[in-house]
Amino acid sequence: YHWSNKSGKYLKDLSDWQRLCFKCHREYDKKTVGINRAAKILVQTHYDKGLILLIGNGGSLTMASHMSEELIGRFESKDREPIGAIALNNPDVITAVANDFGFENIFSRQIEALGNDKNTLVCFTTSDVDGEHSLNLLKAINRARAKKMKIILIGSNKTIKLRINVNCFVQSTAIEIAEIQNEQLEFMHKICREIETILARRKYMQNSKSKRKEVFP
């Protein structure tokens, strides 16, 4: 018998270990695919001269703000161009819209003003729509869809309704909220790293073509 920290149960034989390893590999593969797809969408948004709009509630909005800082500034690369990104977290705008139009419209109103078909919405959440809970995220996603924006959702196992109309869903498999947020922070950093890798590869290819033209005009 062997103890499994993940399941909290004893694994009786090798087949149990094999099933557990296969499950972990499958979950890792899904996350990697989601991260790579999200990075490609955001790079294409940058190439199209679009904006990346980021939203979330509570700690998730802090995550959105963190990601916008990594995109406009830099993550690891020292010489890449800035990427246009805005976290929709201006307290003046949020309180004005909440007061006049209701809290459920704090993001959708901003997307109505700023969104277009070249832009991408990135939504962070640890939960899902439940009555009034996270209704502002659902309305934001619906408004982004109406504006023909691409939508990336970084959520969890609980995120069921919000994922229906998105282009890319990156899912945390953690259970506790703190663990979900830690994993989403890791997702965000991996997306930023992949973006910078794609941009660096493109820059290298462009420089290589320029050098070839100089040698063979």
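Quick note: structure is the one above.
The following refers to the structure shown. The structure presented is a predicted model; accordingly, all values stated were derived computationally and were not measured.

With that out of the way, let us pick up unusual backbone geometry. For Lys 49, which is not glycine, the phi torsion reads 65° and is therefore positive. Its place among the elements puts Lys 49 in the loop between helix 1 (14-47) and strand 3 (52-55). For Lys 49, a relative accessible area of 74% translates into the label exposed. A positive phi angle, close to 60°, is found at Lys 148, a residue other than glycine. Among the secondary structure elements, Lys 148 is positioned in the loop between helix 5 (135-146) and strand 6 (150-156). By relative accessible area, Lys 148 is classed as exposed at 63%.

To summarise the sheet geometry, strands pair through backbone hydrogen bonds and adopt either a parallel or an antiparallel arrangement. The strand order across the open sheet formed by five strands is 4-3-5-6-7, and the pairing between neighbours is parallel. Both edges of this open sheet fall to strand 4 (85-87) and strand 7 (168-172), since each of them pairs with a single strand only. Taking the axes of each pair of neighbouring strands and ignoring which way they run, one obtains an average angle of 15° across the sheet. Bridge count between strand 6 and strand 7: five bridges; the pairing is parallel. Each residue of the ladder has a partner; that of Ile 154, found in strand 7, is Val 170. Where helix 5 meets the sheet, its contacts fall on strand 3, strand 5 (120-124) and strand 6, and the angle it forms with strand 5 comes to roughly 165°.

So, about the nonpolar core. Ranked by size, the top nonpolar core spans 48 residues in total, and within it Met 67, Leu 121, Val 122, Phe 124, Ile 191 and Ile 195 carry the most contacts. Counting only elements with at least two residues in this core, the list comes to helix 1, strand 3, helix 2 (59-72), strand 5, helix 5, strand 6, strand 7 and helix 6 (177-215). The biggest single contributor to this core is helix 6, with seven residues. In this structure Leu 121 touches Leu 53, Ile 55, Ile 111, Ala 140, Ile 141, Ala 144, Met 149, Lys 150, Ile 151 and Ile 152, once residues within four positions along its chain are discounted.

For helix 2, with 14 residues, the first-to-last C-alpha span of 20 Å sits near the 20 Å given by 1.5 Å per residue. Every buried residue of helix 2 is listed here: Ser 60, Leu 61, Met 63, Ala 64, Met 67, Ser 68, Glu 70 and Leu 71.

Another point: the packing of aromatic side chains. Working definition: an aromatic ring pair is given by the centre-to-centre distance plus the angle between the planes. Going through the model one piece at a time under the given rule, you end up with zero aromatic pairs. Positioned above the aromatic ring of Tyr 47, the side-chain terminus of Arg 202 is 4.1 Å from the ring centre.

Per the counting criterion, the structure on display carries six salt bridges. Of the charged contacts, one joins Glu 76 and Arg 193 as a salt bridge, the two residues approaching to 2.9 Å between their closest N and O atoms. You can see Glu 76 sitting in the loop between helix 2 and strand 4 and its partner Arg 193 sitting in helix 6, a full 117 residues away along the chain. Between Arg 143 and Glu 112 there is a salt bridge; the shortest N-O distance is 3.2 Å.

A few words now on the pairing of strand 5. Of all five residues making up strand 5, five are buried, and the element is well covered by its neighbours. What you see with strand 5 is no split at all: Thr 120, Val 122 and Phe 124 on one side and Leu 121 and Cys 123 on the other are buried throughout. Where strand 3 and strand 5 come together, four bridges link them in parallel fashion. Of the residues in strand 5, the one forming a bridge with Leu 54 is Val 122. Bridge count between strand 5 and strand 6: five bridges; the pairing is parallel. When the bridges of strand 6 are listed, Leu 121 appears paired with Ile 151. After leaving strand 5, the chain enters helix 5 and then returns to the sheet as strand 6, a path that is right-handed.

If you trace the backbone, Ala 98 turns up in helix 3 (residues 91-101). Given a relative accessible area of 25%, Ala 98 falls into the partly exposed group. Along the chain, Ala 98 and Arg 109 lie eleven residues apart, while their C-alpha atoms are 9.8 Å from each other. Non-local contacts of Ala 98, meaning those with residues more than four positions away in its chain, are made with Phe 103 and Ile 106.

Conventions used here
Residues numbered from 1 in each chain as written. Predicted model: local features only at pLDDT ≥ 70, side-chain atom pairs only at ≥ 80, totals over all residues. Heavy atoms only, no water. Helix = DSSP H or I, 4+ residues; strand = E, 2+ residues; numbered from the N terminus. Buried < 20%, exposed > 50% of the residue type's maximum accessible area, 1.4 Å probe, protein only. Pairing = 2+ DSSP bridges. Axes fitted to C-alpha atoms, helices over the stretch in contact; angles between N-to-C directions. Contact = heavy atoms within 4.5 Å. Core = buried A, V, L, I, M, F, W, Y, C linked by side-chain atoms within 4.5 Å. Expected span 1.5 Å × (residues − 1). Phe/Tyr/Trp six-rings, centres within 6.5 Å; stacked < 30°, edge-to-face > 60°. Lys NZ or Arg CZ within 6 Å of the ring centre and 35° of its normal. Salt bridge = Lys/Arg side-chain N within 4 Å of Asp/Glu carboxyl O. Right-handed = clockwise from strand over helix to strand, strands pointing away.

Shape descriptors only; they carry no functional weight alone.
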